[in-house]
Amino acid sequence: MARALRAVPVPLALVGMIGLAGAVLGRVYAGPLLTWLVLGAAVGSVLVSVAARRLPSWLVAPVSVLAMAGWTAWSLRLTATRAELPGGLAEVTADAAANGIPRLLTAMIPVEPTPDTVLVPLVAAWLAGLAGAEVAMRAGRVLLGYLPPVLLYAAALYVVGPNADPAIGPTLALVAVAVLGLAVPPRGAAGADAAAGLAPAVRAAVRARLAAASAAGLAVVVGLVALLGPLLAGQVDGRPVDPRRYVEPPQVETLDENPLIRISGWALNPGQQLLDVRTQRSGPPDSAPAEEPGAAPGPGAAARPVPIRLAVLSDYDGVTWRVGATYRNAGRILPVTAPAADSTVETVRQEITVAGLSGRLLPAVATPRQVTGARVAYDPTTGTLIRPEGLTPGLRYDVTSALETPDSNLLATADVPAGEDVARVLRVADGVPEPLRRLAAQLAESNGAPYARAAAVEQFLAEHYRLVADAPSGHAYPNLNFFLFGPRNAGGQRGTSEQFAAAFAVLGRLTGLPTRVVVGFRAAGDGPVRAGDAYAWPEVLFEGLGWVPFDPLPRPDEEPRPVEEDFRPAPEEPPPSEVPEPTVEPTVSPEPAAAPGGRAGSGGPSTALLVGGGTGGVLLLVVVALLALLLMRRALTRARLERADPGQRIAGAWREVTDALRLSGHPVGGDLSASEVAAHARRAVADARARRSGHAPTTAGPSPGPAGTAPGGTALSGPGPGGTGPTGTMTAAGDLDARVDELAGLLNQTAFAPGTTTAEQAARATTTAHDYVATLRAARPWWRRLLWSVRPGPLRWRR
């Protein structure tokens, strides 16, 4: 009995250490489910090793893996059921295995326990328990057996990063549990002399070796404490690195980044059904938005429609309004943001069925709190939802939102915030036409209070302009200038809600108001939502009241007054024109390569068992780390080269080429243009071919002409497959050089003329990137080729 009790502390210590790792990781999860699942994996893995201690060591691992598969399958089924995910267990498991690491590192915090966010922690916890139990109990090396749980705990701290408070309490508990596991010897009687039955000479030699080993171990521990103690103490108050910055979040296409340009198309086809909505509201009866934003709601406010928000656009560069969101994969429960102090909150629940709406943006009433029936990604800054897989007809989901309504009695005296926190929604891009500045100054001249300025802009637009369905899309500075001041007989002073909302937002920012544009739908009760219900509206941010919507659209029964009655712009008006995107030259800024991490040494008696156990543990960790790096690198390449937007795929192909240059020891400077980088790339591949053939690298030679396009021209075209030059058939080397030049030209075309690249050009760019990377990699030594795909540099290099 006493011997059995002495064998208990080590298994309990292993279970406790792994459970503490689950508790640390569970701090960024919603609810305690992840912690309990990890604790179950710890208990199961250790118990399997205890029960199978009389079996041969080679048989324990297969038995434990089978038990791990059973526990993991049950856990995945449980989390899928709780998250209401569609599909069978096999489909859910395959999806979790393929996307577990990327989704874990891109998930919105708090992370909902779903199959793809619990699979990796469960498997890691079980393997740590298996390795620790076998080394600590079967081999009797308790300290070495602690290594897998300690590494699991460190990995949990790294994944949590700066997203939770410092784990000082769990860390002290980990140390205490480890000490308790060492307090009682796992075998033999307490205080027994291992050398008591030996001959005196042998006994003396054994005792001397034990004393020397103990002294050496103590010296190593004291040295490590003295060396690492100050370093670790200095990091206590430091901000941990967030590994999520190394993984690219879900991306959207151009129409989802700027859905404002879809308003005119929907206006021309108003009968198209986009959604079907069922709404249930609870809250104060007067909490619905008033018809005139900022006005007190009347008796019929409860019957007024609730606007369904599609996207919030906060960024404007003088050409395009953009969402500018950073989406994170989210579960059913979304992060809660505190409502404005002086506003009422109404809970709105909707069942929405997608009909003809396309894209990735997911409609919902502001501000969404819970979504079921669809996997979503969420940007808490703008409150915009997307479905990364895209919308499909028949998709049905339920969304619960907290609809805020400001106290209209406080609007007249409310102030607007200022500072870095709102600089994004106050920014006025360069190139504002002078008539817009003069109009904004005139409207603000006699209206000092922020709300009075907003109301003046709203009234001016509603009284002087006509709402039509056939106005062309456009909200760049020249488009807005023509909308506001163009002659009526030439199409000026008329537009869709796109021009009204964009003009209000720009004029508001010129008067010092933080503004943004929202695209959404009017939902008049339950039933279908059609394209004619789509519209855009502006919002202004007030302190204590939050974002307040305004309605600059004219009333249907009012004839607009001529603008010249209240404002006369400069005599010469520039005609509407197409303005290209800002000509920002894409470059790659090199960063100093991080020094490789040192290897953790291990000390102890130099026995074959100790060496075998330590080597096996280190190899297991190395394999797991290399596999994680390989999956993250491949996910990064797929994200770059398999996007639906041709422009993004071309930019991703260019990043693959520049990353390959850095990996091969030929980094490019951040001040080089695309054509200069292409020339550098040609020299690098020429040197690579020279090394492979045994010749000296070439450093001189004629360069092809500059690659690129004029801002309004077409991309340079390289020769086709097996292309020919003026003097005959090009070699494979010349063909790759030409295709690199073409890739540089396509990059310039993407920057100077966005939206003009085609899917065929993107496919050629992808092929060029693959061939170029393969050529550089093939010229490296064999051991560098093996390390090429697992080097972490491309995951952290600045984009």
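Above this text sits the structure in question.
Residues numbered from 1 in each chain as written. Predicted model: local features only at pLDDT ≥ 70, side-chain atom pairs only at ≥ 80, totals over all residues. Heavy atoms only, no water.

A. Focus on the pairing of strand β8 (residues 376-379). Burial along β8 is two-sided: the face carrying Val376 and Tyr378 and the face carrying Ala377 and Asp379 are both buried. Of the strand pairs in this sheet, strand β5 (residues 328-330) and β8 are connected by three bridges, and their pairing is antiparallel. Counted as the bridge partner of Arg328 is Tyr378 from β8. As judged from the three bridges shared by β8 and strand β9 (residues 384-386), these two strands associate in the antiparallel manner. Considered in β9, the bridge of Ala377 is made with Ile386. Counting the residues in the hairpin turn of β8 and β9 gives four residues, including Gly383, whose phi is positive at 75°. (Buried < 20%, exposed > 50% of the residue type's maximum accessible area, 1.4 Å probe, protein only. Helix = DSSP H or I, 4+ residues; strand = E, 2+ residues; numbered from the N terminus. Pairing = 2+ DSSP bridges.)

B. Structural detail: the pattern of salt bridges. Enumeration over the complete set of coordinates arrives at 20 salt bridges. Between Asp116 and Arg375 there is a salt bridge, with its nearest N and O atoms 2.8 Å apart. Within this pair, whereas Asp116 is found in helix α6 (residues 115-138), its partner Arg375 is found in the loop between β7 (368-372) and β8, the two being separated by 259 residues in sequence. The class for Asp116 is buried, based on a relative accessible area of 4%. Among the salt bridges present, the one from Arg739 reaches Asp735, with a minimum N-O distance of 3.1 Å. On the criterion of helical spacing, the pair formed by Arg739 and Asp735 is a turn pair, its members being four residues apart in helix α20 (residues 732-752). Judged by relative accessible area, Arg739 falls into the buried class, the value being 16%. Exposure remark for Asp735: the relative accessible area of 14% places this residue in the buried category. When salt bridges that share partners are traced, they join Asp95, Asp116, Arg375 and Glu389 into one network. (Salt bridge = Lys/Arg side-chain N within 4 Å of Asp/Glu carboxyl O.)

C. Structural context of the side chain of Arg262. Take Arg262: it is sitting in the loop between α11 (254-257) and α12 (263-268). Although Arg262 lies buried, it forms no salt bridge, and the closest oppositely charged side chain, Asp256, sits 4.4 Å away as judged by the N-O distance. Not counting residues within four places of it along the chain, the set of residues in contact with Arg262 comprises Leu255, Asp256 and Ser358. (Lys, Arg positive; Asp, Glu negative; His and termini not counted. Contact = heavy atoms within 4.5 Å.)

D. Seen up close, the environment of Ser57. Along the polypeptide, Ser57 turns up in helix α4 (residues 57-82). Linking Ser57 and Glu134, residues 77 residues apart in sequence, is a C-alpha distance of 8.2 Å.

E. Seen up close, the sheet that holds β8. Overall, antiparallel pairing links the three strands, which are arranged β5-β8-β9 in an open sheet. Each end of this open sheet is capped by a strand with a single partner; those strands are β5 and β9. Ignoring which end each strand starts from, the neighbouring axes of this sheet average 40° apart. (Axes fitted to C-alpha atoms, helices over the stretch in contact; angles between N-to-C directions.)

F. Quick peek at helix α21 (residues 759-778). Over its 20 residues, α21 extends 29 Å from the first C-alpha to the last, a length consistent with the 28 Å expected when each residue adds 1.5 Å. The set of residues buried in α21 consists of Gln761, Ala762, Ala765, Thr766, Thr768, Ala769, Tyr772, Val773, Thr775 and Leu776. (Expected span 1.5 Å × (residues − 1).)

G. Molecular detail of the nonpolar core. Judged by nonpolar contacts, the single largest core of 84 residues is most densely connected at Leu484 and Phe542. The element that contributes the greatest number of residues to this core is helix α16 (residues 497-510), accounting for eight residues. When near neighbours in sequence (up to four residues on either side) are disregarded, Leu484 contacts Leu436, Leu439, Leu461, Tyr465, Gln493, Ala503, Leu507 and Val563. Among the nonpolar cores identified, the runner-up in size contains 44 residues, and Ala21, Val24, Met68 and Ala156 belong to it. (Core = buried A, V, L, I, M, F, W, Y, C linked by side-chain atoms within 4.5 Å.)

H. A nonpolar patch on the surface, seen in detail. Together, Trp782, Trp783, Leu786 and Leu787 give the surface a local cluster of nonpolar side chains, amounting to about 480 Å² of exposed area. Using a relative accessible area of 41% as the deciding quantity, one classes Trp783 as partly exposed. (Patch = residues over 30% accessible without salt bridge, like charges linked within 9 Å, V, L, I, M, F, W, Y side chains within 5 Å. Areas by Shrake-Rupley, 256 points an atom, 1.4 Å probe, with all protein chains shown as cover.)

I. Quick look at the pairing of strand β13 (residues 515-523). Of all nine residues that make up β13, eight are buried, and the element is covered over most of its length. As paired elements, strand β2 (residues 306-313) and β13 share seven bridges and run antiparallel to each other. Bridging from a neighbouring strand, Ile308 pairs with Phe521 of β13.

J. Inspection of unusual backbone geometry at higher detail. Across the junction of Ala366 and Thr367, the peptide omega takes the value -5°, indicating a cis bond. One can find Thr367 in the loop between β6 (343-354) and β7. For Gln493, which is not a glycine, the phi torsion comes out positive at approximately 60°. Mapped onto the fold, Gln493 is located in the loop between α15 (477-485) and β12 (494-495). Gln493 sits in the buried class, given a relative accessible area of 3%.

K. Quick look at the sheet that holds strand β1 (residues 273-282). An order of β7-β10-β6-β1-β14 is seen for the five strands of this open sheet, with the pairing classed as antiparallel. Strands at the two margins of the open sheet, each flanked by one partner only, are β7 and β14 (527-530). Each adjacent strand pair in this sheet contributes to an overall mean axis angle of 30°, direction not counted. Two elements, β7 and strand β10 (residues 396-406), share four bridges in a ladder whose sense is antiparallel. From the neighbouring strand, Thr372 faces β10, where its bridge partner is Asp398.

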